[in-house]
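Residue-level listing of the chains:
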Amino acid sequence: MFKSISAQGGKCPNVSPKPKSQLTRLCWSLSALLATGQVSAECFNANQSTTIDALTSLFQNSSAFSGFNTSIPSQFEGSFSDYFQYLVSSSNCDPNLVQNVTPDQITAMGSMATRTNGGKIGRPANYFGLNQKKRGGGSGDSDFPPLNFWAKIDSDFGSRDLTFSQPGFEFDNHNFVFGADYRLKDNWVAGGSFSYRHNNASFNGNRGETVNDSYTGMLYTSYNITDAAHVNATASYGGFSYDTTRNISFLGANSVAKAKPNGGQYAFSWGGGYDFIFDALTVAPYARGEYSNLDIDAYSESGSVFAVRFGKQAIESLTSTLGIQTSYALSFPWGVLIPQLRGEWHHQFMDGARQIEAGFIADPSGQSFVMTSDGPSRDYYTFGAEVSSVFAGGVSAFLAYETLQSYTSINSNKLMLGARLEF
């Protein structure tokens with residue numbers, strides 16, 4: 001029998017389904033087994049292929065599909081498992097058959113945490129230098145008083161390109177930060193901040209979305225070793241609350257799988273720089289390291305027969321940054337205007353291709369499978385432009401733009417607006 005099927009290119013003979021139904025079903029099953037390896041390599045990515053294996057187990061072991069909304073050809077005698085194997089091994093295979101059932105949207109959690117932002121963590125609004133005591137002249141020329149309050153809003157927007165192996169999505173993130181710092185000594189500032197962040201990733205093809213709200217507290221300090229040399233550090237911890245939605249369409253049946261997982265992230269940054277001052281012009285090279293660890297609890301979806309349980313995720317990032325910033329102070333009767341330009345080179349040391357354990361809840365066998373993310377770009381760049389204003393009376397403000405470049409499949413931009421009030 002194996003030879004006869006192989007000789008016909010993996011196709012079954014025209015067997016009448018009623019008198020030889022068992023032969024027909026066995027033939028289709030063998031044909032599927034012979035073809036699956038070749039077809040999967042040509043048609044399906046790794047996440048879709050492992051999902052196909054899990055779906056096969058689901059259809060074989062679960063009674064939830066006895067009345068499934070699809071028309072099964074008579075030669076399969078109501079066996080949805082045999083029919084599914086035939087579909088995925090057909091010479092006319094279509095990856096869209098399993099695309100919407102494959103739960104690869106979960107990989108976006110890691111992408112949003114460490115990639116769309118270039119691996120950067122939040123930093124205080126030190127746009128004209130916590131480390132410096134003076135800047136410019138005119139009515140804005142004054143020593144910083146000990147106590148300062150500040151606030152900033154930043155918005156990220158962009159997309160992750162759809163590739164053969166990973167889902168695409170568009171994202172927009174909005175971050176609201178409030179903070180205060182105190183000058184302990186002429187060369188030492190310490191402070192804290194609290195931020196609320198709302199993230200949204202909408203997947204291509206109307207496949208659903210992942211929404212995240214987080215609340216983060218941060219402590220930070222900046223210390224001047226000399227008038228030109230300075231070091232700084234931050235430490236933060238935040239809680240994350242997700243709301244995930246997967247729109248599933250499979251053989252004419254539509255459903256929505258939802259979940260509300262939680263997580264927590266701690267992060268540290270450290271760095272330093274040196275300011276070369278030429279009258280109103282400042283050229284400041286600097287270096288920075290950043291580490292973050294995001295843990296997302298295991299969770300289970302509901303609302304669909306294709307609902308999935310996911311294992312715990314641990315997402316780590318360790319980046320180095322080398323950058324240079326230039327600024328020029330322009331004095332006016334009303335204050336000081338400071339345009340700035342900066343460029344940064346980043347290297348990612350830790351973030352890698354991640355494997356997330358999953359399993360269909362409706363499968364009584366408990367078979368698990370794995371969703372695998374792409375690896376990160378190791379080297380990439382950010383470029384930014386900023387305008388700061390220092391007004392009389394201890395009020396200052398800034399507006400900035402930043403773009404991420406040379407990160408594979410990621411398009412990311414950031415707008416920032418902030419203000420500082422001195423007492």
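The structure presented is a predicted model; accordingly, all values stated were derived computationally and were not measured.

K.L.:
Can you walk me through the environment of S377 in this structure?
P.N.:
Here S377 shows up in the loop between strand 16 (369-372) and strand 17 (379-391). Residue class for S377 comes out buried when judged on its relative accessible area of 9%. Through-space distance from the C-alpha of S377 to that of G118 is 9.4 Å; in sequence the pair is 259 residues apart. Setting aside anything within four residues of it in sequence, one finds S377 in contact with Q348, S406, Y407 and T408.

K.L.:
I keep staring at the nonpolar core and nothing clicks. Help me out?
P.N.:
Considering soluble globular proteins, one finds that nonpolar side chains tend to be buried as a cluster. Counting residues in each nonpolar core, the largest one holds 37 residues, and the members touching the most others are L55, F59, F84, V98, F250, F306 and F360. Core analysis: the second largest hydrophobic core is formed by six residues, A108, M112, F169 and F171 among them.

K.L.:
I would appreciate a short explanation of the packing of helix 3 (residues 46-61) against helix 4 (residues 80-89) in the present structure.
P.N.:
Each pair of packed helices can be described by the angle between their axes along with the distance between the axes. It is at 8 Å that the axes of helix 3 and helix 4 come closest, and there the two elements cross at 160 degrees. One element, helix 3, and the other, helix 4, form an angle in the roughly antiparallel class. Helix 3 and helix 4 meet at a crossing whose hand is right-handed. Note on element contacts: helix 4 touches helix 3 through F80, S81, F84, Q85 and V88, opposite I52, L55, T56, F59 and Q60. A breakdown of the residues in the contact of helix 3 with helix 4 according to their chemical character gives six nonpolar, four polar and no charged.

K.L.:
What exactly am I supposed to notice about the sheet that holds strand 16 here?
P.N.:
The strands that make up a sheet are held in pairs by hydrogen bonds between backbone atoms, and each pair lies either parallel or antiparallel. A sheet is described by the order of its strands in space; here four strands give the open sequence 10-11-15-16, paired in antiparallel fashion. With one partner strand each, in any of the chains shown, strand 10 (299-300) and strand 16 form the two edges of the open sheet. The pairing of strand 10 with strand 11 (residues 308-310) spans two bridges and is classified as antiparallel. Bridged to Y299 within strand 11 is F310. Helix 3 rests against strand 15 (355-360) and strand 16 of the sheet, and its axis sits at about 160 degrees to strand 16.

K.L.:
Help me understand helix 3, please; the structure alone is not making it clear to me.
P.N.:
Given 3.6 residues per helical turn, the α-helix brings residues three or four places apart onto the same face. Taking 1.5 Å of rise per residue, the 16 residues of helix 3 would be expected to cover 22 Å, and the 23 Å separating its terminal C-alpha atoms lies within 8% of that figure. Most of helix 3 sits out of view: twelve of its 16 residues are buried. Between a side-chain oxygen at the N-terminus of helix 3 and the backbone nitrogen of N47 the separation is 3.0 Å; the capping residue is N45.

K.L.:
Even after reading the chapter, I still don't get empty space enclosed by the protein, so can you show me in this structure?
P.N.:
Any empty space left between atoms is shown by rolling a water-sized probe over those atoms. Considering all chains together, one arrives at five cavities of 30 Å³ or more under this definition. Empty space within the second largest cavity amounts to approximately 80 Å³. Along its surface, the second largest cavity is lined by P103, Q105, I106, F203, E209, T210, T244, T245, R246, Y299, E301 and F310. Of all elements in the fold, only strand 4 (208-224) and strand 5 (229-250) reach the threshold of two or more residues within the lining of the second largest cavity. Per element, the largest residue contribution to the lining of the second largest cavity is three residues, and it comes from strand 5.

K.L.:
What is the right way to read the pattern of salt bridges from this model?
P.N.:
Going through the model one piece at a time under the given rule, you end up with 16 salt bridges. E402 serves as the salt-bridge partner of K120, at 3.1 Å between the closest nitrogen and oxygen. Highlighted residues: K120 in the loop between helix 6 (108-114) and strand 1 (147-160) and E402 in strand 18 (residues 395-405), separated in sequence by 282 residues. A salt bridge links D154 to R197; the shortest N-O distance between them is 3.6 Å. Note that D154 is positioned in strand 1 and R197 in strand 3 (residues 188-203), a separation of 43 residues in sequence. Overall, R197 belongs to the buried group, its relative accessible area being 18%.

K.L.:
Before we go on, may I ask you to explain helix 4 in this structure?
P.N.:
Burial of helix 4 is extensive: nine of the ten residues sit out of reach of the surface. Looking at helix 4, one finds that the buried residues are F80, S81, D82, Y83, F84, Q85, L87, V88 and S89.

K.L.:
Teacher, can you tell me more about the packing of aromatic side chains here?
P.N.:
Applying the stated rule across the entire model yields 22 aromatic pairs. Arranged with centres 6.4 Å apart and planes meeting at 75 degrees, the rings of W188 and Y223 form a pair that is edge-to-face. In this pair, W188 is assigned in strand 3 and Y223 in strand 4, connecting sequence segments 35 residues apart. For W188, a relative accessible area of 34% gives the class partly exposed. Residue Y223 is classed as partly exposed on the basis of its relative accessible area, which comes to 37%. Seen from their ring centres, F194 and Y215 are 6.4 Å apart, and the 25 degrees between their planes marks the pair as stacked. Taken together, the positions of F194 in strand 3 and Y215 in strand 4 put the pair 21 residues apart, joining distant regions of the chain. Of the residues examined, F194 reaches a relative accessible area of 44% and is grouped as partly exposed. Residue classification places Y215 among the partly exposed residues on the basis of a relative accessible area of 46%.

K.L.:
Help me out: how do you make sense of the pairing of strand 9 (residues 281-296) in this one?
P.N.:
The pairing of strand 7 (residues 262-274) with strand 9 spans eleven bridges and is classified as antiparallel. Counterpart to Y266 in the pairing with strand 9 is N293. Direction of pairing for strand 8 (residues 276-278) relative to strand 9: antiparallel, over a ladder of three bridges. The partner of I277 across the bridge, within strand 9, is T282.

K.L.:
Can you help me understand the confidence of the model for the protein chain in this one?
P.N.:
Looking at the protein chain, the pLDDT average stands at 84 and 82% of residues meet or exceed 70. Counted against residues more than four places away or in other chains, residues 1-39, with its pLDDT under 50, gives 48 contacts.

What counts, and where the lines are drawn
- Residues numbered from 1 in each chain as written.
- Predicted model: local features only at pLDDT ≥ 70, side-chain atom pairs only at ≥ 80, totals over all residues.
- Heavy atoms only, no water.
- Helix = DSSP H or I, 4+ residues; strand = E, 2+ residues; numbered from the N terminus.
- Buried < 20%, exposed > 50% of the residue type's maximum accessible area, 1.4 Å probe, protein only.
- Contact = heavy atoms within 4.5 Å.
- Core = buried A, V, L, I, M, F, W, Y, C linked by side-chain atoms within 4.5 Å.
- Axes fitted to C-alpha atoms, helices over the stretch in contact; angles between N-to-C directions.
- Parallel < 35°, antiparallel > 145°, perpendicular 65-115°, else oblique.
- Left-handed = near helix turned anticlockwise from the far one by under 90°.
- Nonpolar A, V, L, I, M, F, W, Y, C, P; charged D, E, K, R; others polar.
- Pairing = 2+ DSSP bridges.
- Expected span 1.5 Å × (residues − 1).
- Polar contact = N/O pair within 3.5 Å; in protein donor to acceptor, adjacent residues only side chain to side chain.
- 1 Å grid on protein atoms, 1.4 Å probe; cavity = no way out; pocket = protein on both sides within 12 Å on 5 of 7 lines; lining within 4 Å.
- Points joined across faces, edges and corners; volume = space filled by probe spheres on them.
- Salt bridge = Lys/Arg side-chain N within 4 Å of Asp/Glu carboxyl O.
- Phe/Tyr/Trp six-rings, centres within 6.5 Å; stacked < 30°, edge-to-face > 60°.
- pLDDT = per-residue confidence, 0-100.

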